[in-house]
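Below are the chains, spelled out letter by letter.
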Amino acid sequence: MGHRKSLEAQLRMVAEVCEHSLRSTDVIGRFAGEEFVVALPNTSPSAAQTLAERLKKNVAELQLEHDMNDVDLSITVGIAVSHNDESDLEALISRADEMLYIGKRDGRNRVVIHKD
């Protein structure tokens with residue numbers, strides 16, 4: 001049970017860092033397990049990548065409690081860009097999820113953006 005409690009505490013810390021790193025127009029929500037979805041309205045691909053890199057840096061700098069000192073937190077970010085005429089949220093999330101798994105496969109702690 002202690003491992004589950006520490007995982008939940010870590011996820012809360014990551015979510016908090018993300019919330020503080022985002023703009024007031026951005027939206028974050030827990031998607032599944034250890035995954036979050038962030039919507040960045042009116043954001044260019046390069047600005048999304050810059051924000052994701054900032055999130056990655058801020059998470060890596062988190063100070064953990066004493067009983068978790070041997071844990072290094074990191075995030076892997078998959079980015080998909082919505083085009084103005086696209087209304088299929090499921091397809092957009094699927095592309096971002098695909099990028100996430102590419103990032104995890106390639107070593108984690110990275111930002112991967114979907115190229116159209």
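Residues numbered from 1 in each chain as written. Predicted model: local features only at pLDDT ≥ 70, side-chain atom pairs only at ≥ 80, totals over all residues. Heavy atoms only, no water.

**Quick notes on the environment of alanine 60**
At step 1: Here alanine 60 shows up in helix H2 (residues 45–60).
At step 2: Put simply, alanine 60 and aspartate 72 are twelve residues apart on the chain and 7.1 Å apart in space, counted from C-alpha to C-alpha. (Helix = DSSP H or I, 4+ residues; strand = E, 2+ residues; numbered from the N terminus.)

**Considering the pattern of salt bridges**
At step 1: This model, assessed by the stated rule, comprises five salt bridges.
At step 2: A salt bridge links arginine 23 to aspartate 26; the shortest N-O distance between them is 2.7 Å.
At step 3: For arginine 23, a relative accessible area of 34% corresponds to the partly exposed category. (Salt bridge = Lys/Arg side-chain N within 4 Å of Asp/Glu carboxyl O. Buried < 20%, exposed > 50% of the residue type's maximum accessible area, 1.4 Å probe, protein only.)

**A word on H2**
At step 1: For H2, which comprises 16 residues, the first-to-last C-alpha distance of 23 Å matches the rise-based estimate of 22 Å (1.5 Å per residue) to within 8%.
At step 2: For H2, the complete set of buried residues consists of Ala48, Leu51, Ala52, Leu55, Lys56 and Val59. What you see down the axis of H2 is that its buried residues fit within an arc of 145°, all on one side. Along H2, exposed side chains directed more than 90 degrees from the buried face belong to Ser46 and Thr50. (Expected span 1.5 Å × (residues − 1). Arc of directions from axis to C-beta.)

**A look at the side chain of lysine 56**
At step 1: Among the structural elements, lysine 56 can be located in helix H2.
At step 2: Under the relative-accessibility criterion, lysine 56 is labelled buried at 18%.

**Topic: unusual backbone geometry**
At step 1: The phi dihedral of arginine 108 is positive, around 65°, even though this residue is not glycine.
At step 2: Within the secondary structure layout, arginine 108 lies in the loop between helix H3 (89–105) and strand E4 (111–113).
At step 3: In this structure arginine 108 comes out as partly exposed when scored by relative accessible area, which is 48%.
At step 4: The backbone of asparagine 109 sits at a positive phi, close to 50°, despite the residue not being glycine.
At step 5: Of note, asparagine 109 is situated in the loop between H3 and E4.

**Describing the environment of glycine 103**
At step 1: One can find glycine 103 in helix H3.
At step 2: Of the residues examined, glycine 103 reaches a relative accessible area of 0% and is grouped as buried.
At step 3: For glycine 103 and isoleucine 75, which are 28 residues apart along the polypeptide, the C-alpha to C-alpha distance reads 9.7 Å.
At step 4: Excluding its chain neighbours within four sequence positions, the residues that come into contact with glycine 103 are Thr76, Arg108, Arg110 and Val112. (Contact = heavy atoms within 4.5 Å.)

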